[in-house]
Amino acid sequence: MSRPFLHQYTVAEAGSRRWLYVLHGIYGTGRNWASFARRLVARRPEWGIVLVDLRLHGHSPGFDPPHTLAACVHDVLELSESLGRPIDAILGHSFGGKVALMVAAAAVPSQAWVIDATPSRRSPGGAATRLLDVIRRHSGPFAKRREAVSAVAAQGFASPVAHWLATNLVLGDAGYRWRIDPDAAEELLVDYFRRDLWDVVETPVPPSEIHVVRAARSDILTADDMGRLRAAAGKGRVHLHELAGGHWLHVDNPDGLPDLVAEHL
């Protein structure tokens, strides 16, 4: 059996000559970033955007273990080769931010954009881990999509988060089930939390640049993280930005983020 390739969705104009690859966060999909991509291409039509479904997400389900960040990087590099579109720049949000940093170290694009993600090693936890527990305990099938939304909301998650997670439901003969494999997703999360990628941020491989964007209403980047980022930004090829909005900046600040990226690409 041939090895599967990542699913991708492209936003581009006829004259697009350079390619920005966009990597979503955990439990997301490339199409979550479609509005951002359309706005960015409208501002910079010479750039095309490749919206990637990372392994185990969206329409990229059929990948064998090990499920690690290194495997995600290999997938993205293989996708680029199969499309014949070089990774001229890469952007990753949250979980995808660490993958983007590792791709940048391997492929050396002109820029890597890290959207509200920390390079630091952390103890497992937070909303991503709690959502995985919800998926395990409420695995379905659900007769209606709203039943899954209610199950997530009943665990203390806000309605927008519950509805967003419900985009991971698929309809089968018995009803709706999660398309997320919780054990495989946990492998990805464990590797994500244990990775320390400060070496990539503090000493970018020439000639690439690293742009880190902090969401003003997010606590993902700690005070220690910000101190190290400011120190790295003083060395020339690392740039630190802050935008109004919460962790999902592409939703909270739908014009501010494409404006910022368009200005620096």
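Note: the structure precedes this text.
Quantities reported herein were computed from a predicted structural model and do not represent experimental measurements.

This paragraph deals with the overall build of the chain. A count of helices and strands for the chain gives 11 helices and nine strands. For a compact globule of 265 residues, the expected C-alpha radius of gyration is about 18 Å, and the chain comes in at 18 Å, within 12% of that figure. In terms of principal-axis extent, the alpha carbons of the chain reach across some 55 × 40 × 35 Å. Counting only residues that meet the buried cut, the chain has 52% of its 265 residues in that class. Counting contacts in the chain only where the partners sit at least 6 residues apart, residues at least 24 apart contribute 74% of the total.

Attention now moves to the environment of threonine 10. In this structure, threonine 10 sits in strand β1 (residues 7-11). Along the backbone, threonine 10 and isoleucine 49 are 39 residues apart, and their C-alpha atoms lie at a distance of 5.7 Å. With sequence-adjacent residues up to four places away left out, threonine 10 is seen in contact with Trp19, Ile49, Val50 and Arg85. Within the local environment of threonine 10, its side chain forms a polar contact with the side chain of glutamine 8, the two groups lying 2.6 Å apart.

It is worth spelling out the pairing of strand β6 (residues 169-172) at this point. Consecutive side chains of a regular strand alternate in pointing toward one face of the sheet and then the other. When β6 meets strand β7 (residues 175-178), the two strands line up antiparallel, connected through four bridges. Directly across from leucine 171, in β7, lies its bridge partner tyrosine 176.

So, on to the packing of aromatic side chains. Overall, the coordinates contain five aromatic pairs when judged by the stated rule. A centroid spacing of 5.2 Å and a plane angle of 85° characterise the contact between tryptophan 33 and phenylalanine 36, whose relative ring orientation is edge-to-face. Considered together, tryptophan 33 and phenylalanine 36 belong to a single accessibility category, that of buried residues. Geometrically, the ring pair formed by phenylalanine 95 and tyrosine 192 is tilted, given 5.4 Å between the ring centres and 35° between the ring planes.

The buried fraction of strand β5 (residues 111-115) is high, at five of five residues. Side-chain alternation along β5 places Gln111, Trp113 and Ile115 on one buried face and Ala112 and Val114 on a second face that is also buried. Alignment of strand β4 (residues 89-93) against β5, held across five bridges, turns out to be parallel. Paired with histidine 93 across the two strands is isoleucine 115, which belongs to β5. A crossover links β4 with its parallel partner β5, the connecting element being helix α3 (residues 95-107), and its sense is right-handed. Where β5 meets strand β8 (residues 209-215), five bridges bridge the pair, whose relative direction is parallel. Within β8, the position partnered with tryptophan 113 by the bridge is histidine 211.

So, how was this worked out
Residues numbered from 1 in each chain as written. Predicted model: local features only at pLDDT ≥ 70, side-chain atom pairs only at ≥ 80, totals over all residues. Heavy atoms only, no water. Helix = DSSP H or I, 4+ residues; strand = E, 2+ residues; numbered from the N terminus. Rg over C-alpha atoms; globule rule 2.2 N^0.38 Å. Buried < 20%, exposed > 50% of the residue type's maximum accessible area, 1.4 Å probe, protein only. Contact = heavy atoms within 4.5 Å. Polar contact = N/O pair within 3.5 Å; in protein donor to acceptor, adjacent residues only side chain to side chain. Pairing = 2+ DSSP bridges. Phe/Tyr/Trp six-rings, centres within 6.5 Å; stacked < 30°, edge-to-face > 60°. Right-handed = clockwise from strand over helix to strand, strands pointing away.

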